[in-house]
Amino acid sequence: MPSLRLANLIDGRLQAPHLDRWLEVFEPATGEVFAHCPDSTAEDVADAVAAAQRASSAWAATPTEQRARLLHRLADLIEARLDAFAALESRDSGKLLSLARSLDIPRAVSNLRYFAAAVVPWSSESHAMELGAINYTLRQPLGVVGCISPWNLPLYLFTWKIAPALAAGNTVVAKPSEITPCTAALLGELSIEAGFPPGVLNIVQGRGPIVGQAIVEHAGVKAVSFTGSTKTGAQIATAAAPHFKKLSLELGGKNPAIVFADADLSDANLDTIVRSGFANQGEICLCGSRLLVQRTIYDNFRARYLERVRALRVGDPLDASSDLGALVSQPHFDKVMGCIAQARDEGGHILCGGQSITLPGRHAGGWYVAPTVIEGLGPNTATNQQEIFGPVVSLIPFEDEAEALAIANGTGYGLAASLWTTDLARAHRFGAQLDFGIVWINCWLLRDLRTPFGGTKQSGLGREGGVEALRFFTEPKNICIRY
Ligand code: NAD
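Residues numbered from 1 in each chain as written. Predicted model: local features only at pLDDT ≥ 70, side-chain atom pairs only at ≥ 80, totals over all residues. Heavy atoms only, no water.

Across the sheet, which stays open at both edges, the seven strands sit in the order β15-β18-β19-β14-β13-β21-β22 with mixed pairing between neighbours. Each edge of the open sheet is held by one strand with a lone partner, namely β15 (349-352) and β22 (438-441). Ignoring which end each strand starts from, the neighbouring axes of this sheet average 25° apart. As paired elements, strand β14 (residues 288-294) and strand β19 (residues 392-398) share five bridges and run parallel to each other. By the bridge assignment, Val 293 is partnered in β19 with Pro 397. (Pairing = 2+ DSSP bridges. Helix = DSSP H or I, 4+ residues; strand = E, 2+ residues; numbered from the N terminus. Axes fitted to C-alpha atoms, helices over the stretch in contact; angles between N-to-C directions.)

All of the buried residues along helix α13 (residues 401-409) are Glu 401, Ala 404, Leu 405, Ile 407 and Ala 408. The arc that holds every buried residue of α13, seen down its axis, measures 170°, which confines them to one face. Across α13 from its buried face, at more than 90 degrees, point the exposed residues Ala 402 and Ala 406. At its buried positions, α13 is contacted by β13 (255-259), β14, β19 and α14 (424-433). (Buried < 20%, exposed > 50% of the residue type's maximum accessible area, 1.4 Å probe, protein only. Arc of directions from axis to C-beta. Contact = heavy atoms within 4.5 Å.)

Moving on: the domain arrangement of the protein chain. Assigned domains within the protein chain: domain 1 (4-251 + 459-482) and domain 2 (255-448). Placing a centre on the C-alpha atoms of domain 1 and another on those of domain 2 gives a separation of 30 Å. Taken together, the contacts link 24 residues of domain 1 with 28 residues of domain 2. Taken over both partners, the interface formed by domain 1 and domain 2 buries close to 2200 Å², and the fraction arising from carbon and sulfur atoms is 59%. Its largest share of buried area at the contact with domain 2, domain 1 owes to Leu 96, Trp 151 and Ser 459, together 25% of the area lost on that side. Summed over the shared surface of domain 1 and domain 2, the number is one salt bridge. Across the pair Glu 27 and Arg 362 runs a salt bridge whose closest N-O atoms are separated by 3.5 Å. Remark: the boundary between domain 1 and domain 2 carries nine residue pairs in polar contact (both at pLDDT 80 or more). Contributing elements (two or more residues each) for the side of domain 1 that touches domain 2: β4 (22-27), α3 (82-93) and α4 (97-119). Per element, the largest residue contribution to the side of domain 1 that touches domain 2 is three residues, and it comes from α4. (Domains from an automatic or database assignment. Buried area = accessible area lost by both parts, 1.4 Å probe. Salt bridge = Lys/Arg side-chain N within 4 Å of Asp/Glu carboxyl O. Polar contact = N/O pair within 3.5 Å; in protein donor to acceptor, adjacent residues only side chain to side chain.)

Listed below in structure tokens is the structure:
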């Protein structure tokens, strides 16, 4: 099969990069190159920003219903090609085809539909003053905004940014991850078919430190919405600071799942706890990689948990019987294997997994890691402090609520926590004290698109989701009239 050649979308046209240079895109399931994506430069970004600037005032003046209609149309076009998108997402990222089909692509469609619907009734505040004046808040689009997304939920997170940005009346220069660029490229093609005016949505493919950095540094880009690692987030914050750009940063995590002795550990709940560690090979920023279990139930819990984890099947992402697919890239595979080695060096006891897996046939070159459970490491070890972002969970016993809270909050990150208890008072009390942007109680990854999404500490700055995203992508202006 010939390699897929992706294009940039600039000014409503699919274009090759200025320098005609291309990056190899790998299929994680086989380790082979299956596509080439533009290795764009600052020149391509400058073209995209110029096109976005030209389109900006007309798009901002386009009636909200019409902007919403175009987003709905794009959602329809993606939905009509759900199978093609899911297959491409799975091939590009190594994730299970079943997951791409049930989660990633439907969620991308929902993102577009949600913000198309949410922006129409959205209104701003007014404040009347007794002395005879009224204030109202005008929420105006920012102009050109940058959207930079990572590889783990490629189309899901790409649309989570561009949908509110476009709905709110901004024009966009977006950059998907160069590791998983395919579905965003396909979305770009469909945006032409949907009828978006040229320059409203621009997609520049390429490397982060080149294309991403050029977007962040371009004076014409008024705000940047970024999802990715904490390290890159810090670089972006540094680059954006002198320009006083609005920034939304959704970064890494080291999330705890906390199981109290009074938890309802039905089979279904235990399955969710397992899923919260290993879904998408652990490559979801919300996965719980630290599993805190109250000591009175620790032995029993561990036995039931391990039985389930050992039964997980690592295999071809296209095979419906696989539970885990491939890790996204050779460097990421090396990083995860390095973290497992480090856990051993720190004195961790590997209860299951701990090794890579070689599949037969054409998958022999793929990047597969067995689901790994470790115990015996203190809360302050590197294994329990650093984000691994792979199928690796560390079991940590605790005595009581105070110790659980200290361990859970005792990292530099604060993205998401999940809490398992049947004690309602404890659920509220403990939930309020967890220093995380998202707390799930007796569930995990239950997402309502209206809720604020984001983390504390090194997990980020600002919130996405619902009106938070629409607020981010608009500038509030107070107008005060005396009468
Ligand atoms: P990454 O930071 O390496 O890359 C993310 C994006 O930023 C990519 O498009 C990349 O090309 C670009 N980039 C890289 N360097 C840049 C620079 N100097 N300037 C501008 N852009 C640059 O992250 P990744 O490895 O793609 O993704 C995994 C990370 O993302 C994990 O840390 C994970 O926790 C995090 N993540 C967070 C959330 C969240 O909502 N908080 C969601 C998903 C993933």
